[in-house]
Amino acid sequence: MKLFSERFLLILSNLYKNQRFILKQNSFTKALRVIESTFKSFLTFLFPDCCIICSSKEELAEYGMCKPCRNKVHLLKNHLHCYCCGRKMKTSNLCITCAASKPKFDEAKAVFVYNAYVSVFIQKIKFHDRTFIAKSLAKIILRHFKEDLEKCDFIIPVPIHRVRLLQRQYNQSALIAMQLAKLIHVKVRLDILHKIKNTPPQLNLSTYRRKTNLQDAFRIGNHAALKDASIILLDDVITTGATVSCCAEALLQYNPRKIIVIAIARSILR
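A brief report on the enclosed structure follows. Sequence order sets the numbering: in each chain, residues are counted from 1 along the sequence as written. Local features in this predicted model are restricted to residues whose pLDDT is 70 or higher, and side-chain atom pairs enter the listing and the counts only when it is 80 or higher, whereas totals over whole chains, interfaces and linings include all residues. Only hydrogens and water are set aside when side-chain values are computed; all heavy atoms of the structure are taken into account.

1. Structural notes on the state of the cysteines
The line we're drawing: Put simply, a disulfide is two cysteine sulfurs that come within 2.5 Å. Note on classification: 1.4 Å probe, protein chains only; a residue is buried when its accessible area is under 20% of the maximum for its type, exposed when over 50%, partly exposed between these limits.
In total, this model carries zero disulfides according to the counting rule given. Note on Cys-247: no disulfide assigned, nearest cysteine sulfur contributed by Cys-246 at a separation of 7.1 Å. Overall, Cys-247 belongs to the buried group, its relative accessible area being 0%.

See below:
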């Protein structure tokens, strides 16, 4: 009954938000988009138990996935890599390059190796309004990193610029963080880290361009909370680590005790 109520309230919330968005934008195509999003949320409300990758109604194995999809998704802990840049290694530590430059964060962890199958549900929540997936992803993170969550002072989701937030209507990392706050006693701080530059997407940029693209892109708001704090910086996917490194660098100006990066998935670089 509680789950039913939560889903129903979420749909009502989306309806209200989408109605405001339609009136503000005055755009027929955007109106169709948000109506479609609400309809999909309603279908999910009626038929919630499907695979987060292929949407199959088969019996789910674990992680909200059917057995065939689960077999295509690999846990990061089984793959040795540099925890800073993600380069494949013979031991899970720092590669020579990252050890010389010293990472801005203390640790970077993720649940899955990023591949085509993981990309499907990341894309669903990020670009296709499947916000209900946030709850499943929060449960997955809690299952693997409960100890880190219990020890942290608060979670800071990696922010997106306000222009992109208006276009997408939500920040997927913040949604996951808020679901984590419902599952375990942990604070989520949205007032500390802000993205002030609307930078191009990192996806198709070189490693060097990824770093320069994000230079001075983040600003600290309520910095008093950072001193001696143990922080979890939450993101959806880590590729080269450029984004989380820039976020951590901005946070480090105000002397937090520890910064641990946690993500749903990360790329293993060759």
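Resuming the write-up.
2. Let's talk about the pattern of salt bridges
This is how the line gets drawn: Here, a salt bridge means any side-chain nitrogen of Lys or Arg that lies within 4 Å of a carboxyl oxygen of Asp or Glu. By the criteria applied, helices consist of DSSP H or I runs no shorter than four residues and strands consist of E runs no shorter than two, each listed in order from the N terminus.
Taken as a whole and assessed by the stated rule, the structure comprises nine salt bridges. For Lys-258, the salt bridge identified is with Glu-107, shortest N-O distance 3.9 Å. In this pair, Lys-258 is assigned in strand 9 (residues 258-266) and Glu-107 in strand 3 (residues 107-113), connecting sequence segments 151 residues apart. Judged by relative accessible area, Lys-258 falls into the partly exposed class, the value being 33%. Given the relative accessible area of 29%, Glu-107 is considered partly exposed. Of the charged contacts in the structure, one is a salt bridge between Asp-236 and Lys-126, with a shortest N-O distance of 3.4 Å. One end of the pair, Asp-236, is in strand 8 (residues 230-238); the other, Lys-126, is in helix 5 (residues 116-127), with 110 residues separating them in the sequence.

3. Digging into the side chain of Ser-56
What counts is decided by this rule: The definition of a polar contact used here is a pair of N or O atoms within 3.5 Å, where within protein one atom must be able to donate a hydrogen and the other to accept one, and adjacent residues in sequence count solely through side-chain atom pairs. Here, residues are in contact when the closest pair of their heavy atoms is within 4.5 Å.
With respect to the helices, strands and loops of the structure, Ser-56 is situated in the loop between helix 2 (28-46) and strand 1 (60-62). Among the polar contacts made by the side chain of Ser-56, one reaches the main-chain amide nitrogen of Glu-58 at a distance of 3.0 Å. Contacts of Ser-56, omitting those with residues within four sequence positions, involve Asp-49, Cys-50 and Cys-51.

4. Comments concerning helix 6 (residues 133-151)
Threshold: One fewer than the residue count of a helix, multiplied by 1.5 Å, yields its expected span. Throughout, bend refers to the angle between the axes fitted to the seven residues that end at a position and the seven residues that start at it.
Compared with the 27 Å implied by 1.5 Å per residue over 19 residues, the 25 Å span of helix 6 between its first and last C-alpha is a close match. Along helix 6, the helix axis deviates most sharply at Phe-145, where the bend reaches about 90°. Burial in helix 6 covers these residues: Ile-133, Ala-134, Leu-137, Ala-138, Ile-140, Ile-141, Leu-142, Phe-145, Asp-148 and Leu-149.

5. Here's the deal with the packing of aromatic side chains
Here is the rule: Each pair of aromatic rings taken from Phe, Tyr and Trp, with Trp reduced to its six-membered ring, is defined by centres within 6.5 Å and is described as stacked if the planes are under 30 degrees apart, edge-to-face if over 60, and tilted in the remaining cases. In this analysis the charged atom, NZ for Lys or CZ for Arg, is taken to sit over a ring once it is within 6 Å of the ring centre and within 35 degrees of the ring normal.
Going through the model one piece at a time under the given rule, you end up with two aromatic pairs. Ring centres 5.3 Å apart and planes at 90° place the aromatic pair Tyr-63 and Phe-112 in the edge-to-face group. Of the two residues, Tyr-63 is situated in the loop between strand 1 and strand 2 (65-66) and Phe-112 in strand 3; the sequence distance between them amounts to 49 residues. An identical accessibility class is assigned to Tyr-63 and Phe-112; each is buried. Their ring planes at 75° and their centres at 6.3 Å tell us that Phe-112 and Phe-121 sit as a pair that is edge-to-face. A relative accessible area of 0% means that Phe-112 is categorised as buried. Three or more aromatic residues joined by ring pairs make a cluster, and in this case those are Tyr-63, Phe-112 and Phe-121. If you follow Arg-189 out to its NZ or CZ, it ends over the ring of Phe-154, 5.5 Å from the centre.

6. Re the packing of helix 5 against helix 6
Keep this limit in mind: Working convention: axes come from line fits to C-alpha atoms, limited for helices to the stretch in contact. Angles between N-to-C directions cover 0 to 180 degrees. For classification purposes, angles smaller than 35 degrees are called roughly parallel, those larger than 145 roughly antiparallel, those between 65 and 115 roughly perpendicular, and all remaining angles oblique. Left-handed is the label given to a crossing in which the near helix is rotated counterclockwise from the far helix by less than a right angle, and right-handed is the label when the rotation is clockwise. Put simply, Ala, Val, Leu, Ile, Met, Phe, Trp, Tyr, Cys and Pro go in the nonpolar bin, Asp, Glu, Lys and Arg in the charged bin, and everything else, Gly too, in the polar bin.
Look at helix 5 against helix 6: their axes get within 10 Å of each other, and the N-to-C directions meet at 130°. The pairing of helix 5 with helix 6 is recorded here as oblique in orientation. Crossing of helix 5 over helix 6 shows left-handed handedness. Note on element contacts: helix 6 touches helix 5 through Ile-133, Ala-134 and Leu-137, opposite Phe-121, Lys-124 and Ile-125. Taken together, the residues of the contact of helix 5 with helix 6 sort by class into five nonpolar, no polar and one charged.

7. What to know about the nonpolar core
What counts, and what does not: Put simply, a nonpolar core is a bunch of buried Ala, Val, Leu, Ile, Met, Phe, Trp, Tyr and Cys residues held in one set by side-chain atoms that sit within 4.5 Å of each other. Start and end points for every domain follow an automatic or database-based domain assignment.
In terms of nonpolar packing, the biggest core is built from 39 residues, with Met-65, Phe-112 and Phe-121 touching the most fellow members. At the level of secondary structure, the elements contributing two or more residues to this core comprise strand 2, strand 3, helix 5, helix 6, helix 8 (172-183), strand 8 and strand 9. Looking at which domains feed residues into this core, each of domain 1 (27-72) and domain 2 (74-266) gives three or more. Setting aside its immediate chain neighbours within four residues, Met-65 contacts Cys-51, Ile-52, Ile-53, Leu-60, Arg-70, Val-73, Phe-112 and Phe-121. With 33 residues, the next largest nonpolar core counts Cys-85, Cys-98, Leu-226 and Leu-251 among its residues.

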